[in-house]
Amino acid sequence: MPNPKLQLVEAPVAGASDRSVINTRSISKIFSLPEGPVTALRDVNITVSKGDFVSFVGPSGCGKSTLLNIIAGLLPPTSGTAELYGEAITSPSRRMGFMFQT
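Trainee: So what exactly am I meant to see when it comes to the packing of aromatic side chains here?
Mentor: Two aromatic rings are characterised by how far apart their centres lie and by the angle between their planes. Taken as a whole and assessed by the stated rule, the structure comprises zero aromatic pairs. Its guanidinium or amino end placed over the ring of Phe31, Lys29 lies 5.4 Å from that ring's centre, counting from NZ or CZ.

Have a look at this one:
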């Protein structure tokens, strides 16, 4: 799968924190494969505040794209929650742009 990139494209909703943009709480993702379950993410907690510049760096297969797909609303987590401006991310949002690298 190509490496995705995320870009926020809209201001926060009324009443949301002035600083917190993206939050993940205990995000885990387990893929069920014929060979058995594969844990891609385990208990990932991230807070991205307004003005932060964030990079996810790691070797191929470590879960970077899986995490970005969850934050973009393209993939549900097995457990945990992801929020954009204090609202649960359950599907893609017009408030966030998503572009594959290739």
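Trainee: Is there a simple way to think about the side chain of Glu83 in this case?
Mentor: Mapped onto the elements, Glu83 comes out in strand S4 (residues 79-84). Among the polar contacts listed, one links the side chain of Glu83 to the side chain of Arg25, at a separation of 2.9 Å. Aside from chain neighbours lying at most four places away, what touches Glu83 is Val21, Ile22, Asn23, Arg25, Ala88 and Ile89.

Trainee: Help me out: how do you make sense of helix H1 (residues 64-71) in this one?
Mentor: Three- or four-residue spacings in an α-helix give side chains the same orientation, since the helix completes a turn every 3.6 residues. In terms of burial, H1 is a largely internal element, eight of the eight residues being buried. For H1, every residue scored as buried is listed here: Lys64, Ser65, Thr66, Leu67, Leu68, Asn69, Ile70 and Ile71. Count one or two residues on from H1 and you reach Gly73, which has phi positive near 85°.

Trainee: Sorry if this is basic, but what is going on with the pairing of strand S2 (residues 20-33) here?
Mentor: Walk down a regular strand and you will see the side chains alternate between the two sheet faces. With ten bridges connecting them, S2 and strand S3 (residues 36-49) associate as antiparallel partners. Among the inter-strand pairings, Asn23 is bridged to a residue of S3, identified as Thr47. Counting the residues that bridge the hairpin from S2 to S3 gives two residues. In terms of strand pairing, S2 meets S4 through five bridges, oriented antiparallel. Within S4, the position partnered with Asn23 by the bridge is Glu83.

Trainee: So what exactly am I meant to see when it comes to the side chain of Thr24 here?
Mentor: Residue position: Thr24 is located in strand S2. By relative accessible area, which is 3% here, Thr24 ends up buried.

Trainee: Hey, could you run me through the sheet that holds S3 in this one?
Mentor: Backbone-to-backbone hydrogen bonds pair the strands of a sheet. The strands run either parallel or antiparallel. Taking strand neighbours across the sheet as the criterion, the four strands line up as S3-S2-S4-S5 in an open arrangement whose pairing is antiparallel. Strands with a single pairing partner mark the edges of an open sheet, and in this sheet they are S3 and strand S5 (87-88). Each of S2, S3 and S4 touches H1; the most contacted strand, S2, lies at about 120° to it.

Trainee: Could you clarify how one ought to interpret the environment of Ala40 in this entry?
Mentor: Here Ala40 is to be found in strand S3. Considering only alpha carbons, one finds Ala40 and Leu67, 27 residues apart in sequence, at a separation of 8.8 Å. In contact with Ala40, not counting residues within four places along its chain, are Lys29, Phe31, Cys62, Gly63 and Thr66.

The rules behind the values
Residues numbered from 1 in each chain as written. Predicted model: local features only at pLDDT ≥ 70, side-chain atom pairs only at ≥ 80, totals over all residues. Heavy atoms only, no water. Phe/Tyr/Trp six-rings, centres within 6.5 Å; stacked < 30°, edge-to-face > 60°. Lys NZ or Arg CZ within 6 Å of the ring centre and 35° of its normal. Helix = DSSP H or I, 4+ residues; strand = E, 2+ residues; numbered from the N terminus. Polar contact = N/O pair within 3.5 Å; in protein donor to acceptor, adjacent residues only side chain to side chain. Contact = heavy atoms within 4.5 Å. Buried < 20%, exposed > 50% of the residue type's maximum accessible area, 1.4 Å probe, protein only. Pairing = 2+ DSSP bridges. Axes fitted to C-alpha atoms, helices over the stretch in contact; angles between N-to-C directions.

Structural measurements only, silent on function.
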